[in-house]
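Each chain, written out:
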Amino acid sequence: MSLLQSKLHYAEDIWLPFRYLCLVSPLPITTCTLVLVLVASLYYLQQVYRRKQRTTPIRGPQSPDWVFGFAKTMLDSTATTELYECWASEYGPVYKVPSIFGKSKVILWDPKAISHFFARDTWLYNQTPFNKVAVRTIIGRGVLWADGESHKRQRKALNPAFSAAAIRSLTYVFHDAAHKTVIAWDSEIESNQRTGCTIIDVQQWMNHISLDSAGIALLSHDFGALDGNDTDVAHILNAFGSPNGSHNLVILAQNFPSILKLPLPRVQFARKLNLIAGKICQELLSRTRKEKETGNAEQGDKSCLGLLLKAEDSGESAGLTPQEVLDEWALAELARNSDIQTKLRDECLGFGPTPSYDDLTNKLLYLDAVVNEVLRLHAPVKEIPRSATQEDVIPLSEPLRTATGTFTESVCIPEGTEIVVPFAALNCSVSMWGPDAKVFKPSRWFEEDEGTRGARETLHGYRHLMTFGDGPRMCLGRLFALTEFKAVLFVLVRNFVFEMADGPGAQIVESPGTFPRPRVVGSAEAGSMPLRVRRYEV
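Residues numbered from 1 in each chain as written. Predicted model: local features only at pLDDT ≥ 70, side-chain atom pairs only at ≥ 80, totals over all residues. Heavy atoms only, no water.

## Quick look at the packing of aromatic side chains
Think of a pair of aromatic rings as described by two things: how far the centres are apart, and how the planes are tilted against each other in angle. Applying the stated criterion across every chain yields a total of 16 aromatic pairs. Ring plane angle 70° and centroid distance 4.9 Å describe the contact between F70 and W87, whose orientation is recorded as edge-to-face. Of the two residues, F70 sits in the loop between α2 (29-54) and α3 (77-91) while W87 sits in helix α3, which places them 17 residues apart along the sequence. Accessibility assignment for this pair places F70 and W87 in one class, buried. Three or more aromatic residues link up through ring pairs in this structure, and these residues are F70, Y84, W87 and Y95. Note that R376 overlies the ring of W433, its terminal NZ or CZ placed 5.5 Å from the centroid. (Phe/Tyr/Trp six-rings, centres within 6.5 Å; stacked < 30°, edge-to-face > 60°. Helix = DSSP H or I, 4+ residues; strand = E, 2+ residues; numbered from the N terminus. Buried < 20%, exposed > 50% of the residue type's maximum accessible area, 1.4 Å probe, protein only. Lys NZ or Arg CZ within 6 Å of the ring centre and 35° of its normal.)

Encoded structure:
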């Protein structure tokens, strides 16, 4: 019997006796109203009771604070990654974490449960009310906002612009941006002839590379950040990378999404960025239509938006991974691990100066391993929350001990439950990646660990990582991000040697912000990532 049939059956059991009672002995209107209210209340209580009986009593940590729960702790991504794994060891692969105002979030750590979740994403599991309002406010009702059939339709329209064939034709854009950076850094090094090196804030430069590459490749628009142009977009991106001081407002907004309608600085920055991107899209659209009308449609525009316009589709946001964050972490890890940097440089120098898309994808194996390890350890998106639109039974790969002391092989969750998949914590999980899971070790991608292989392979994301997600919402721009990441890293490592500006013992932590970027502890400028850069000499 389905859940709907069960509800109808219970309603009928209550309604029939009441109807017979009214037929045998007609009741006054006031009495009838009271009886109806009583019957409705009893029916509601019965449904609540039966739902509670079906719901699996999941264990989890005790709330440290009824008002905020662990919500404030969760804002520290490093602490959260450690806590998620610790809690999974203590409470099992599915557990609940207290949140704001006595509510709880259900955390999925079990690979089979996660696969079940992603198979039903956008249909049974939708964006949370907070995410819905946030995405709509920042970038509109695009593919990141949509669920169900609307998401499927928009995703299908966007797929051609981010296919391997489309990205293959854009590889030169990434090489050009990287070579512009080489010229600029060479100039700075030459101005310091006494030391033969210079201190580079890689965060600022990676922002410039990402902005110019994305502008040309996605929108057919050159922002000119690498040429020294000071643009509003660059300032907005820097603002997103800086720490956010409105922690309490962010936490409250998760329960009261209307707070996002207030004129908060981050929201205003996002709206301004959206307006700028919209204006660029409109200019390209007008130009394309004019060229079609005059019969002079340009065949050389290979940008993602250009391809969408030629296909008469709309250019929605594609959910690209924050590329500059990955580049920063890659250079920071190479600066801390000189042996890995040398090995990567040797491979790049032994190859041609300008690898193609296929070369970057299939032939530079150690570069691929370094990139995968950065993706594993430094996922820009730490977790994703979803809201269950109806009751669901989630299967498990191993028995789970419940709060009542019994064991179950599946978990029943009620409608409205908030589910969280912790991407970053799963990527660093000892149970999936072995005892050295927290260590930057590219060589692991050439090794086979039979003890953890089975758990990883249940996850179907890119290289069994959660960085790009999985299922219908798997990052549409992953090929774009990977190709840009590899092309830029290839050029920079061939030409320069990277060292920590404050010496090899400098401590790097994640800077709080929209995306967790690397920050050197004790650096003069908050959020900066200074590295000592010198020319590589054969």
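## Structural notes on the side chain of D470
Topologically, D470 is positioned in the loop between α20 (450-457) and α21 (478-495). Despite its burial, D470 pairs with no opposite charge, the nearest such side chain being R478 at 8.3 Å. Of note is the side chain of D470, whose polar atom sits 3.4 Å from the backbone nitrogen of H460. Residues within four places of D470 in sequence aside, it is in contact with F118, H460 and G461. (Lys, Arg positive; Asp, Glu negative; His and termini not counted. Salt bridge = Lys/Arg side-chain N within 4 Å of Asp/Glu carboxyl O. Polar contact = N/O pair within 3.5 Å; in protein donor to acceptor, adjacent residues only side chain to side chain. Contact = heavy atoms within 4.5 Å.)

## So, the nonpolar core
Most often, soluble globular proteins keep nonpolar side chains buried together rather than apart. One finds L108, V421 and L489 to be the most contacted residues of the largest nonpolar core, which totals 114 residues. By residue number, the principal contributor to this core is α21, which donates 11 residues. Residues within four places of V421 in sequence aside, it is in contact with L108, I114, F117, F118, E383, I384, L426 and M466. (Core = buried A, V, L, I, M, F, W, Y, C linked by side-chain atoms within 4.5 Å.)

## What to know about the sheet that holds strand β12 (residues 530-535)
The strands making up a sheet are joined through hydrogen bonds of the backbone, oriented either antiparallel or parallel. Strands sit in the order β4-β12-β9 across an open sheet of 3 strands; the sheet is antiparallel. What marks the edges here is a single partner per strand, and that holds for β4 (197-201) and β9 (496-500). Within the sheet, the average angular offset between the axes of one strand and its neighbour, ignoring direction, is 35°. Bridge count between β4 and β12: 5 bridges; the pairing is antiparallel. When the sheet's bridge partners are listed, I199 is paired in β12 with R532. Where helix α8 (residues 171-190) meets the sheet, its contacts fall on β4, β9 and β12, and the angle it forms with β12 comes to roughly 85°. (Pairing = 2+ DSSP bridges. Axes fitted to C-alpha atoms, helices over the stretch in contact; angles between N-to-C directions.)

## Describing the environment of L365
Within the fold, L365 resides in helix α17 (residues 365-377). Taking the C-alpha atoms as reference, L365 lies 8.6 Å from E347; in sequence the two are 18 residues apart. Residues within four places of L365 in sequence aside, it is in contact with E347 and F446.

## Quick notes on the sheet that holds strand β5 (residues 384-388)
The strand order across the open sheet built from 5 strands is β1-β2-β8-β5-β3, with neighbouring strands paired in mixed fashion. Edge positions in the sheet fall to β1 (94-98) and β3 (125-126), since each has one partner strand and no second. One ladder, built from 5 bridges, connects β1 with strand β2 (residues 104-108); its direction is antiparallel. Among the inter-strand pairings, P98 is bridged to a residue of β2, identified as S104. The strands touched by helix α4 (residues 111-119) within the sheet are β2, β3, β5 and β8 (418-421), with β8 carrying the most contacts at an inclination of about 115°.

## What to know about helix α6 (residues 148-158)
The α-helix winds at 3.6 residues per turn, so residues separated by three or four positions along the chain end up facing the same way. For α6, every residue scored as buried is listed here: G148, H151, Q154, R155 and L158. What you see down the axis of α6 is that its buried residues fit within an arc of 125°, all on one side. In α6, the exposed residues that point more than 90 degrees away from the buried face are K152, R153 and K156. (Arc of directions from axis to C-beta.)

## Looking at the packing of α8 against α21
α21 packs onto α8 with a crossing angle of 30° between their chain directions and a minimal axis gap of 9 Å. Of the two possible hands of crossing, α8 and α21 adopt the one that is right-handed. Across from T171, F174, H175, A178, H179, T181, V182 and W185 in α8, the residues of α21 making contact are F480, T483, E484, A487, V488, V491, L492 and N495. Partitioning the contact of α8 with α21 into residue classes produces 9 nonpolar, 6 polar and 1 charged. (Left-handed = near helix turned anticlockwise from the far one by under 90°. Nonpolar A, V, L, I, M, F, W, Y, C, P; charged D, E, K, R; others polar.)

## A closer look at unusual backbone geometry
Backbone geometry at F101 places phi at a positive 55°, although glycine is not the residue there. Tracing the chain through its elements places F101 in the loop between β1 and β2. Note on F101: relative accessible area 30%, which makes it partly exposed. Despite not being glycine, H464 shows a phi value in the positive range, around 60°.

Taken by themselves, the reported measurements are silent on function.
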